Amino acid sequence: MHCGTPAAPARISDTAGRPLATGFAADDLGTVVVGGDALDGHRAVTVRAPDGRSYRAGPDALVPLPEHGLTLVRTEGLALPPVPISTRGTVPPGTYVRLAAAGWREARVLDGGGPTLELAMGADARDALRLVGSAGGPVLDAGTGAVLAVLGRPPAHRTTVPARRLLAPPAPRHRSGRAGAAGPGEPEEADPLAALVRRNAACAPAYGRDLNLAAVLLLAATTVPAPPDGGHGPRCTPPAFHGPDAPVRAVVGAPGTGRTARLAALAAERARGPHPDPTLWLRGADTEPGDASLADALARVLRRAGRITAAAEGRPAPAPAAPEDAALLAAAAGRPLLVVLDGPEEMPALPADRFAAWAARSRAWLDGHGARLVLGCGPEHFEEAAARYGAGPRDCATLGPLGAEQARRLRAAWGLPEGALAERDARHPLTLRLLAEVHAALPGPVPGTPGRDEVHAAWLDLVCLRIAVRVAATAAGPRCGGRVRRLAPRGRRFKSCPRY
């Protein structure tokens, strides 16, 4: 599979404008990697981005790494997108690669088992590499787009071209638990290349054989549902667990008490900060009767997330990411994968013995891959499933009706006046949100004090009208109000469908 056309590399010249080498950005700090000895003897260089912007790098911005056969150039203001670096130990012979030499050229790997790749290419590509300014560029895997090696100066009398791998030593483990991430009072990594490769893995997504942490974070974020209010409502707080950290936890409450909102707040909290943690969202309806464990459903969710991210970026869909690889990559980085199973009551009905086996295999999978699970379910399901997953009462955060002061603050945040809802439902989070949405859609004040059933019916009518408006907007013919009203009952039938 082809990864598409790579972005143009950065061009490096001396201060007089004479071309010296080609490089690529490796992190979000603007670090440009140049292979070989093309910059030896130069105390200052100019880095030019494909869009014409340039940066003059002085002696303090040049970091030669002769033991690795490359130079790091620190730049600012070029907005170069980082290119992922492959961390594979070996590259199979016959792998197709691409390299920058007067345009993108193709080559094949003859030998990729050591620190140097031997590349076979046509005579025109070898001649292009000998042009001034072509040395030092990246060698990209044609399938994944990740950097496998960097080019030095090509030998004059050889039919193959060597390229140096970017192999970093294993990541150190800090007291913070994160690989390569030093906390307060902890020393940073001594090897600049190791630190660069670690930053690259966290900011430049790579898929397929070169799956990395950045891709896992992006795929996981794609699975988390958007807030039902579009993010414009009052901010929800994550659930408060009282026991120690455990592999399986649960947010337990009756429908409408805010289970999904609390879980979404937990996912958002984990995604904030300089070192975000991945959260994979799974609905009970995403599981299938033939699943052996949680991992089978996670594989389908990751496959769907891969297609979505590829379509959004305008590139071919990558090879599906295996949940085992995603979990192990996250655990190795000190950012354990959290799986959210929202609404497990929607799972296909299984006999008690089959569900027990499914839960046991799921727990074994979590333990074996350093992942964790949070359920969002009702009290009846947790009472039955807790023992199957090995969870206890202290691993559960119980939700109930809002307190009087909490409900008052929430009504004020939603812009609902006092007395807008029947007293028996005035502390029900879902009913408050739906009523606020209905109020926002109406032109004036809403009379009366509806109860939960009336609010849900009014919200359903509102959604059906929105569906009818969209259908009318795409259909031929006049878009009059009567036609929209006639279409609305069809939307109600659609919303009532069990698969909706």
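Scroll up to find the structure.
Residues numbered from 1 in each chain as written. Predicted model: local features only at pLDDT ≥ 70, side-chain atom pairs only at ≥ 80, totals over all residues. Heavy atoms only, no water.

> Can you lay out the packing of helix H7 (residues 352-368) against helix H8 (residues 379-389) for me, pointing to particular residues and giving the numbers?
Running from amino to carboxyl end, H7 crosses H8 at an angle of 55 degrees, the nearest separation of the two axes being 8 Å. By the angle between their axes, H7 is oblique relative to H8. Relative to H8, H7 is oriented so that their crossing is right-handed. Contact residues: H7 offers Ala352, Phe355, Ala356, Trp358, Ala359, Ala360 and Arg363, while H8 offers His381, Ala385, Arg388 and Tyr389. Residues of the contact of H7 with H8, tallied by class, amount to 8 nonpolar, 1 polar and 2 charged. (Axes fitted to C-alpha atoms, helices over the stretch in contact; angles between N-to-C directions. Helix = DSSP H or I, 4+ residues; strand = E, 2+ residues; numbered from the N terminus. Parallel < 35°, antiparallel > 145°, perpendicular 65-115°, else oblique. Left-handed = near helix turned anticlockwise from the far one by under 90°. Contact = heavy atoms within 4.5 Å. Nonpolar A, V, L, I, M, F, W, Y, C, P; charged D, E, K, R; others polar.)

> Run through the pairing of strand E10 (residues 116-120), naming residues and quoting values.
Every second residue of E10 is oriented toward a common face, the buried set being Leu117 and Leu119 and the non-buried set Thr116, Glu118 and Ala120. In terms of strand pairing, strand E9 (residues 104-111) meets E10 through 3 bridges, oriented antiparallel. Bridge pairing in E10 links Arg108 to Ala120. Where E9 folds back on E10, the antiparallel hairpin that results is connected by 4 residues. (Buried < 20%, exposed > 50% of the residue type's maximum accessible area, 1.4 Å probe, protein only. Pairing = 2+ DSSP bridges.)

> Describe helix H4 (residues 259-271), and please don't skip the residues or the numbers.
Spanning 13 residues, H4 covers 19 Å between terminal C-alpha atoms, matching the ideal 18 Å at 1.5 Å per step. Every buried residue of H4 is accounted for by Arg259, Arg262, Leu263, Ala265, Leu266, Ala267 and Arg270. In this fold, the buried residues of H4 make contact with strand E14 (248-252), strand E15 (279-283), strand E16 (338-342) and strand E17 (372-377). Backbone geometry just after H4 places Gly273 at a positive phi near 95 degrees. (Expected span 1.5 Å × (residues − 1).)

> Can you lay out the pattern of salt bridges for me, pointing to particular residues and giving the numbers?
Within the structure shown, the criterion is met by 18 salt bridges. The salt bridge involving Arg300 is made with Asp291; its shortest N-O contact spans 2.7 Å. The partner of Arg452 in a salt bridge is Asp425, with the nearest N and O atoms 3.3 Å apart. Of this pair, Arg452 sits in helix H11 (residues 452-474) while Asp425 sits in the loop between helix H9 (404-414) and helix H10 (429-441), placing them 27 residues apart in sequence. On the basis of relative accessibility, which here comes to 30%, the residue Arg452 falls in the partly exposed class. On the accessibility criterion, Asp425 (5% relative accessible area) is buried. Among the charged side chains, a salt-bridge network with shared partners connects Arg88, Asp141, Arg209 and Asp210. (Salt bridge = Lys/Arg side-chain N within 4 Å of Asp/Glu carboxyl O.)

These values are about where atoms sit, not about what they do.
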